[in-house]
Amino acid sequence: MNDSSSAPPAVVLDVWCELQCPDCRSALDDLRALRARYGDRLELRLRHFPLEKHKHAFAAAQAAEEAAEQGQGWPYIEAVLGRVEELNRAGEPFLVEVARELGLDAEEFDTALIDGRHILIVDADQAEGKAIGVTGTPTYVIGGERLDGGKSQQGLRGRVEEIADRLLAEGV
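Visitor: Residues and numbers for the packing of helix H2 (residues 57–69) against helix H6 (residues 106–115), please.
Guide: One way to put it is that H2 packs onto H6 with a least axis distance of 10 Å and a crossing angle of 135°. Comparing their axes, H6 and H2 come out oblique. At the point where H2 passes H6, the crossing takes the right-handed sense. Residue-level inspection shows Ala59, Gln62, Ala63, Glu66 and Ala67 of H2 in contact with H6, the latter providing Glu108, Phe109, Ala112 and Leu113. Each residue belonging to the contact of H2 with H6 can be placed in one class, and the counts come to six nonpolar, one polar and two charged.

Visitor: I'd like to hear about the packing of helix H1 (residues 22–38) against helix H3 (residues 73–81), residue by residue, with values.
Guide: Relative to each other, H1 and H3 sit at 145°, their axes nearing to 9 Å. In the packing of H1 onto H3, the handedness of the crossing is left-handed. Between H1, through Cys24, Arg25, Leu28, Leu31, Arg32 and Arg35, and H3, the contact on the second element is made entirely by Trp74, Glu78 and Leu81. Of the residues in the contact of H1 with H3, the class split is five nonpolar, no polar and four charged.

Visitor: Let's hear about the layout of surface pockets: which residues, and what values?
Guide: By volume, the largest pocket amounts to about 180 Å³. Taken together, Leu44, Arg45, Leu46, His48, Ala64, Glu65, Ala68, Gly73, Trp74 and Ile77 make up the full set of residues lining the largest pocket. Elements represented by at least two residues in the lining of the largest pocket include exactly strand E2 (42–48), H2 and H3. For the lining of the largest pocket, the element with the highest residue contribution is E2, accounting for four residues. Across the lining of the largest pocket, the residue classes break down as six nonpolar, two polar and two charged.

Visitor: Could you give me a rundown of the pairing of strand E1 (residues 11–17), with the residues and numbers involved?
Guide: Taken across its seven residues, E1 has six buried, putting it largely inside the fold. Across seven bridges, the pairing between E1 and E2 is parallel. The partner of leucine 13 across the bridge, within E2, is leucine 44. As judged from the four bridges shared by E1 and strand E3 (residues 139–142), these two strands associate in the antiparallel manner. Paired with tryptophan 16 across the two strands is threonine 139, which belongs to E3.

Visitor: Describe helix H7 (residues 119–131), with residues and values.
Guide: The end-to-end C-alpha separation of H7 is 18 Å, in line with the 18 Å expected for 13 residues at 1.5 Å each. Residues of H7 that are buried: Val122, Asp125, Gln126 and Gly129. Projection of H7 onto a plane perpendicular to its axis shows the buried side chains occupying an angular sector of 95°, all on one side. Of the residues in H7, the exposed ones pointing more than 90 degrees away from the buried face are Leu120 and Ala131. Against the buried residues of H7 lie E1, E2 and H2. Phi turns positive one or two residues past the end of H7, at glycine 133, with a value near 95°.

Definitions and cut-offs
Residues numbered from 1 in each chain as written. Predicted model: local features only at pLDDT ≥ 70, side-chain atom pairs only at ≥ 80, totals over all residues. Heavy atoms only, no water. Axes fitted to C-alpha atoms, helices over the stretch in contact; angles between N-to-C directions. Helix = DSSP H or I, 4+ residues; strand = E, 2+ residues; numbered from the N terminus. Parallel < 35°, antiparallel > 145°, perpendicular 65-115°, else oblique. Left-handed = near helix turned anticlockwise from the far one by under 90°. Contact = heavy atoms within 4.5 Å. Nonpolar A, V, L, I, M, F, W, Y, C, P; charged D, E, K, R; others polar. 1 Å grid on protein atoms, 1.4 Å probe; cavity = no way out; pocket = protein on both sides within 12 Å on 5 of 7 lines; lining within 4 Å. Points joined across faces, edges and corners; volume = space filled by probe spheres on them. Buried < 20%, exposed > 50% of the residue type's maximum accessible area, 1.4 Å probe, protein only. Pairing = 2+ DSSP bridges. Expected span 1.5 Å × (residues − 1). Arc of directions from axis to C-beta.

Structure (structure tokens):
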């Protein structure tokens, strides 16, 4: 019998992000490195914080939720963030195109963007972000500490690793 209850709980890293943000694209390398270093011991949760200055960010957040529902959340997020300029230019048709490229149900994406089935999740994330003082993206929250990467990402990965190592050592 496999007793998974003996595994220590994962440390949660909330990443407040928006998919039209060049700073969030820059943060991808840090997120990949954190995933590689910690694996299952660090649960990376993308939290939506679309900024008003980016007119396609709200639709992109909804599209990311649809991708997660179809089992391709992170691949989709990385694909869109990697091509921010195309999202700026093309908007929603680009979001559906990326879904198609990843082999997802593009028609379902189109419908999800029209019927707004994921709006409540995006709104809830944004409201929670505002409540805890998120003002820009990316912002990280780990172990109750908020780290603002919107101004500078210098040294942020090191800070996240420091906190994650401490929490993992404490078995929190």
